[in-house]
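For reference, the chains in residue letters:
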Amino acid sequence: QAGYYEPREYVEEARRLGCGTLALGHHLDDVVETTLMNLCYQGQFSTMMPVQPFFDGRLRVIRPLCETTEREVSSLARRLELPVAATRCPADGEGLRRVVRRVISELSHHGKRVRHNIYRAPWHINTAYLPSSLTAAPGTDRAGDRGTA
């Protein structure tokens, strides 16, 4: 049974071994929770992409389960009688991620596509409602525009 590793440790080990691609088991719920945690607690819109390059493209992280819900992954694992190791993550089921998980669950009671909509949001940015500094042409200095009148 593998112990708990931080994602950066997997990336560093793959790099050390000379691997070009590292597959991680993040599912849709992981991606959605991380997206909302980054937005709510880091004040930034960022997420885990299905394919993400690292080290100037020398390592590619893929997440083949990122469009599959945790429930679907668990159901398939039970049906195929796959061994499932309990997580040893010290923060599993605690703290901010659990709060965000409850918020997503509550929102999902009011709209069945909530998880999928949050997941697909990075590909559907409406630039008309972003600060002009983010949509300015390259070489244009609009960093001072904070949307205040």
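Residues numbered from 1 in each chain as written. Predicted model: local features only at pLDDT ≥ 70, side-chain atom pairs only at ≥ 80, totals over all residues. Heavy atoms only, no water.

Draft legend 1. Summary view of the packing of helix H2 (residues 28–42) against helix H4 (residues 95–110). Interaxial distance between H2 and H4 falls to 9 Å at its minimum, and their mutual angle equals 110°. If you check the angle between H2 and H4, you find them roughly perpendicular. On H4, the residues touching Asp 30, Val 32, Glu 33, Thr 34, Leu 36, Met 37 and Tyr 41 of H2 are Leu 96, Arg 97, Val 99, Val 100, Arg 101 and Ile 104. Class assignment of the residues belonging to the contact of H2 with H4 gives a composition of eight nonpolar, one polar and four charged. (Axes fitted to C-alpha atoms, helices over the stretch in contact; angles between N-to-C directions. Helix = DSSP H or I, 4+ residues; strand = E, 2+ residues; numbered from the N terminus. Parallel < 35°, antiparallel > 145°, perpendicular 65-115°, else oblique. Contact = heavy atoms within 4.5 Å. Nonpolar A, V, L, I, M, F, W, Y, C, P; charged D, E, K, R; others polar.)

Draft legend 2. Layout of the packing of aromatic side chains. Inspection of the entire model under this criterion finds two aromatic pairs. The ring of Phe 55 carries the charged tip of Arg 15 above its face, separated from the ring centre by 4.1 Å. (Phe/Tyr/Trp six-rings, centres within 6.5 Å; stacked < 30°, edge-to-face > 60°. Lys NZ or Arg CZ within 6 Å of the ring centre and 35° of its normal.)

Draft legend 3. Spatial organisation of the pairing of strand E2 (residues 51–54). Pairing analysis gives four bridges linking E2 to strand E3 (residues 59–62), with the strands arranged antiparallel. Considered in E3, the bridge of Gln 52 is made with Val 61. Connecting E2 to the antiparallel partner E3 that follows it, the hairpin turn spans four residues, and Phe 55 within it adopts a positive phi of roughly 55°. (Pairing = 2+ DSSP bridges.)

Draft legend 4. Representation of a nonpolar patch on the surface in the model. Together, Leu 39, Phe 45, Ile 125, Leu 130 and Leu 134 make up an exposed nonpolar region whose accessible area comes to about 460 Å². Relative to the elements of secondary structure, Leu 134 occurs in helix H6 (residues 132–135). (Patch = residues over 30% accessible without salt bridge, like charges linked within 9 Å, V, L, I, M, F, W, Y side chains within 5 Å. Areas by Shrake-Rupley, 256 points an atom, 1.4 Å probe, with all protein chains shown as cover. Salt bridge = Lys/Arg side-chain N within 4 Å of Asp/Glu carboxyl O.)

Draft legend 5. Looking closely at the sheet that holds strand E1 (residues 21–23). Across the sheet, three strands lie side by side as E1-E3-E2; this open sheet has mixed pairing. Edge positions in the sheet fall to E1 and E2, since each has one partner strand and no second. Each strand of the sheet is rotated relative to its neighbour by a mean of 25°, with strand direction disregarded.

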